[in-house]
Amino acid sequence: MELLCSGKQMQEIDRYSIQEMKIPSLVLMERAALAVRDAVLRRWKPGGRIVAVCGSGNNGADGLAAVRLLSQAGCPAEAILAGSEEHETRECRLQREILVNLEIPVHRAAGDAYDKIRGAQILIDAVFGVGLSRNVKGTYARMIEAVNQADGQVVSVDIPSGVSADTGKVLGCAVNAAETVTFGFRKLGQILYPGAGCCGKLTVAEIGFAPVPGTLSEELAYTFVTEDLDGLPQREADSNKGSFGKTAVFAGCKNMAGAAALCGLSAYRAGAGLVRLVTEEENRMILQQLVPEAVMTTLERNRKERIAEALEWATVIVLGPGLGRSEEAGEEVRQVLEYGMKHPEKPVAADADALNLLSENPQWRIKGSGNLILTPHPGELSRLLGRSVEKLKEDFPGAVRDCAEKYGAVVVGKDSRTVVSEAEGPVFVNTSGNSAMAKAGSGDVLCGVIAGLLARGVPARSAAEYGAYVHGLAGDLWVREHGCQGMTAMDLSECLSRLWF
Ligand SMILES: NC(=O)C1=CN([C@@H]2O[C@H](COP(=O)(O)OP(=O)(O)OC[C@H]3O[C@@H](n4cnc5c(N)ncnc54)[C@H](OP(=O)(O)O)[C@@H]3O)[C@@H](O)[C@H]2O)[C@H](O)CC1
Ligand SMILES: [K+]
């Protein structure tokens with residue numbers, strides 16, 4: 001597991017290390033600057049000039065210290081001050097004074113500063129770090145634009161200036177870096193888009209922060225690394241199909257069999273023992289061909305009773321893929337969700353049209369109790385929350401958490417970085433996967449994977465996290481072998497069978 005920080009959490013780790021653990025601020029800073037120096041030296045070519053654009057906070061101080069170290073390494077390096085002396089932090093003033101004492105050039109952001117930026121072979125971006133708190137304007141914005149327009153390669157210190165370390169939002173304008181050297185932990189703003197797209201190559205330098213205090217470490221967001229797959233239950237040697245759950249998939253309105261097939265197949269490929277597709281009679285033939293391993297309940301008559309029987313039979317319930325938004329679908333979704341509320345021992349994963357119907361019918365008063373998983377994409381999340389997509393994208397993890405609170409659910413907010421959250425506690429941010437997966441049917445596969453994991457006995461929250469992670473790994477496997485355009489959801493589902501999890 002890899003812990004991820006918001007900007008404020010990082011500032012707290014900084015404060016705790018310096019003020020409570022008494023690790024000198026300048027020791028941390030020197031190590032940060034050494035890491036930046038090394039990154040720059042790997043790119044620098046003899047004859048090229050290095051220009052650091054520095055703010056007046058400690059990010060700027062890191063940049064000034066890096067200029068000193070590069071100059072001492074024999075490179076022509078100089079600094080431009082984007083901020084004013086009155087706003088300098090103690091460290092920033094000290095680093096600037098050291099440069100002046102050593103006769104290393106330090107310029108104001110005026111006159112020929114813009115020519116210097118244009119003429120640099122390497123630009124060090126040290127305008128703002130995790131302390132950025134509002135939109136970038138004035139001289140700062142002009143400096144950032146000049147850095148982006150220059151031909152030199154940009155190395156950002158800690159985070160590209162202008163990117164919010166909390167949300168990945170671009171606050172006005174932001175540097176587009178070739179490389180970002182960050183300290184201690186990756187920040188949420190480097191993982192979430194658009195910030196993630198500004199970082200270029202991202203490296204984490206260990207600079208000697210104190211261990212995160214317990215109270216704070218419980219709040220930090222996290223992502224998975226491949227070793228985390230070892231946390232999933234193994235398939236016992238002494239088992240049979242009944243050992244891996246009975247998964248009922250309520251999916252596919254008339255002639256919409258594809259979503260049901262993708263979901264059911266993916267549940268099997270994620271380890272489910274027995275899958276029942278509950279669907280319309282019109283889908284029977286095609287589904288028997290696409291998923292011959294599934295048993296089937298069709299709803300041509302006695303709908304309510306047949307749904308009730310399937311619910312009684314199931315240990316895991318999936319609801320929504322390709323269901324449509326008809327009145328009948330509405331009745332079905334309501335019946336299944338109400339059943340789920342009365343049977344907390346049976347996890348329910350609701351996706352697609354089930355989410356749309358849920359948002360249209362607040363009078364159902366659906367509230368899960370740890371067993372309900374909702375998997376909305378931003379459009380569905382917007383409807384569930386009654387908040388515009390634009391607004392919720394300003395703080396996607398926050399919106400996912402609000403949805404979790406509203407519906408008493410584990411919410412899997414699907415996006416370029418899928419976020420899993422409950423009403424309280426840390427968020428999980430998925431870092432596997434790629435843009436080849438931005439295609440119809442991907443969500444049906446994800447829902448199936450989550451169901452398969454639930455059927456293996458993985459608790460709801462973990463099934464949601466591992467589901468997102470494994471789904472992304474399957475997409476990454478495809479792209480490594482075939483490139484990023486041609487994958488279909490069926491290809492994605494097939495890749496699941498080739499992963500170890
Ligand atoms: N020993 C250490 O302290 C280490 C610090 N590291 C580096 O420090 C930065 C974080 O430094 P911090 O000073 O907290 O913040 P920034 O350098 O990012 O600068 C923010 C300052 O700028 C002001 N601010 C914020 N937003 C804007 C804006 N849009 N326009 C103008 N000014 C802005 C803000 O002032 P306020 O007015 O908001 O109070 C800050 O003063 C971290 O990223 C590291 O690079 C290293 O980790 C090494 C150890
Ligand atoms: K920066």
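Please read all numbers here as calculations on a predicted model, not as lab measurements. (Residues numbered from 1 in each chain as written. Chains lettered and ligands numbered in written order. Predicted model: local features only at pLDDT ≥ 70, side-chain atom pairs only at ≥ 80, totals over all residues. Heavy atoms only, no water.)

1. Quick notes on the confidence of the model for the protein
Here comes step 1: Overall, the predicted model of the protein reaches an average pLDDT of 97, with 100% of residues at or above 70.
Here comes step 2: This prediction of the complex comes with two scores: 0.95 for pTM and 0.98 for ipTM. (pLDDT = per-residue confidence, 0-100.)

2. Regarding the coordination of the potassium ion (ligand 2)
Here comes step 1: Within the first shell, the potassium ion (ligand 2) binds the protein through Asn59 (OD1), Asp125 (O), Phe128 (O), Val157 (O), Ile159 (O) and Ser161 (OG), at distances of 2.6 to 3.1 Å.
Here comes step 2: Seen from the potassium ion (ligand 2), its 6 donor atoms lie at angles of 68 to 177°, and the figure they make is irregular.
Here comes step 3: Considered as a linear motif, the donors of the potassium ion (ligand 2) on their single chain read N-x65-D-x2-F-x28-V-x1-I-x1-S. As far as the burial class goes, aspartate 125 and phenylalanine 128 line up, both buried. (Donors = N, O, S within 2.8 Å, 3.2 Å for Na, K, Ca; no water. Tetrahedral: all angles 85-135°; square planar, octahedral: opposite > 155°, others 65-115°. Buried < 20%, exposed > 50% of the residue type's maximum accessible area, 1.4 Å probe, protein only.)

3. Here we look at the site of ligand 1
Here comes step 1: If you check the shell around ligand 1, you find 25 residues, and the closest are Asp14, Asn59, Asp62, Gly129 and Asp158.
Here comes step 2: A distance of 2.7 Å is found between an oxygen atom of ligand 1 and a side-chain nitrogen or oxygen belonging to aspartate 62.
Here comes step 3: Between ligand 1 and the protein, one listed contact pairs a nitrogen atom with a backbone N or O atom of asparagine 135 at 3.0 Å.
Here comes step 4: In this structure the site holding ligand 1 corresponds to the largest pocket.
Here comes step 5: Among the secondary structure elements, those contributing two or more residues to the shell around ligand 1 are helix H1 (7–20), helix H2 (25–43) and helix H3 (58–72). (Near = heavy atom within 4 Å. Polar contact = N/O pair within 3.5 Å; in protein donor to acceptor, adjacent residues only side chain to side chain. 1 Å grid on protein atoms, 1.4 Å probe; cavity = no way out; pocket = protein on both sides within 12 Å on 5 of 7 lines; lining within 4 Å. Sits in = over half its atoms within 2 Å of the grid points. Helix = DSSP H or I, 4+ residues; strand = E, 2+ residues; numbered from the N terminus.)

4. Description of the layout of surface pockets
Here comes step 1: Put simply, the largest pocket is a space of about 910 Å³.
Here comes step 2: Along the wall of the largest pocket there are 33 residues; nearest its centre are Gly57, Asn58, Asn59, Gly129 and Gly131.
Here comes step 3: Elements with a minimum of two residues in the lining of the largest pocket: H1, H2 and H3.
Here comes step 4: Taken together, the residues of the lining of the largest pocket break down into 14 nonpolar, 13 polar and 6 charged.
Here comes step 5: Space inside the second largest pocket adds up to approximately 650 Å³.
Here comes step 6: Lining the second largest pocket are 27 residues, with Lys414, Asp415, Met437, Ala438 and Ser442 positioned closest to its centre.
Here comes step 7: Taken together, the elements giving at least two residues each to the lining of the second largest pocket come down to helix H18 (442–455) and helix H19 (460–482).
Here comes step 8: By residue number, the principal contributor to the lining of the second largest pocket is H18, which donates 4 residues. (Points joined across faces, edges and corners; volume = space filled by probe spheres on them. Nonpolar A, V, L, I, M, F, W, Y, C, P; charged D, E, K, R; others polar.)

5. Structural notes on the environment of methionine 285
Here comes step 1: Here methionine 285 shows up in helix H11 (residues 284–290).
Here comes step 2: Put simply, methionine 285 and alanine 257 are 28 residues apart on the chain and 9.7 Å apart in space, counted from C-alpha to C-alpha.

6. Things to note about the side chain of histidine 471
Here comes step 1: Note on placement: histidine 471 falls in helix H19.
Here comes step 2: When sequence neighbours within four positions are dropped, the list of residues in contact with histidine 471 reads Met437, Ser442, Val445, Leu446 and Leu492. (Contact = heavy atoms within 4.5 Å.)

7. Observations concerning the sheet that holds strand S3 (residues 77–81)
Here comes step 1: Ordered by their spatial adjacency, 7 strands build an open sheet running S4-S3-S2-S5-S6-S7-S9, and the pairing between neighbours is parallel. Strands at the two margins of the open sheet, each flanked by one partner only, are strand S4 (106–108) and strand S9 (201–205). The average angle at which neighbouring strand axes cross in this sheet is 20°, direction not considered.
Here comes step 2: Across 4 bridges, strand S5 (residues 122–126) lies against strand S6 (residues 153–157) in parallel orientation. Each bridged residue has a counterpart across the sheet, and for aspartate 125 the counterpart in S6 is serine 156. (Pairing = 2+ DSSP bridges. Axes fitted to C-alpha atoms, helices over the stretch in contact; angles between N-to-C directions.)

8. Some words on helix H15 (residues 378–385)
Here comes step 1: With respect to burial, H15 is a largely interior element, 7 of its 8 residues being buried.
Here comes step 2: Of all the residues in H15, the buried ones are Pro378, Gly379, Glu380, Leu381, Ser382, Leu384 and Leu385.
Here comes step 3: Looking at the packing, one finds that the buried side of H15 touches helix H14 (352–360), helix H16 (389–394) and helix H17 (396–407).
Here comes step 4: Directly beyond the C-terminal end of H15, a positive phi value near 65° is found at glycine 386.

9. Considerations on the pairing of S5
Here comes step 1: Of all 5 residues in S5, 5 are buried; the element is thus mostly enclosed.
Here comes step 2: With 5 bridges joining them, strand S2 (residues 50–54) and S5 adopt parallel strand pairing. Its bridge partner being in S5, alanine 52 is matched across the sheet by isoleucine 124.
Here comes step 3: Chirality of the crossover, the property in question, places the unit of S5, helix H6 (residues 138–149) and S6 among those that are right-handed. (Right-handed = clockwise from strand over helix to strand, strands pointing away.)

10. Considerations on the nonpolar core
Here comes step 1: Core analysis: the biggest nonpolar cluster contains 107 residues, and Phe250, Leu337, Ile373 and Leu374 have the highest contact counts within it.
Here comes step 2: When residues of this core are assigned to their parent elements, the largest contribution, 11 residues, is made by H19.
Here comes step 3: When residues of this core are assigned to domains, at least three fall in each of domain 1 (2–223) and domain 2 (226–496).
Here comes step 4: When sequence neighbours within four positions are dropped, the list of residues in contact with isoleucine 373 reads Val348, Ala349, Ala350, Val410, Val412, Ile450, Leu454, Ala460 and Ala464.
Here comes step 5: Listed in part, the 48 residues of the second largest apolar core include Met29, Val40, Val163 and Phe209. (Core = buried A, V, L, I, M, F, W, Y, C linked by side-chain atoms within 4.5 Å. Domains from an automatic or database assignment.)

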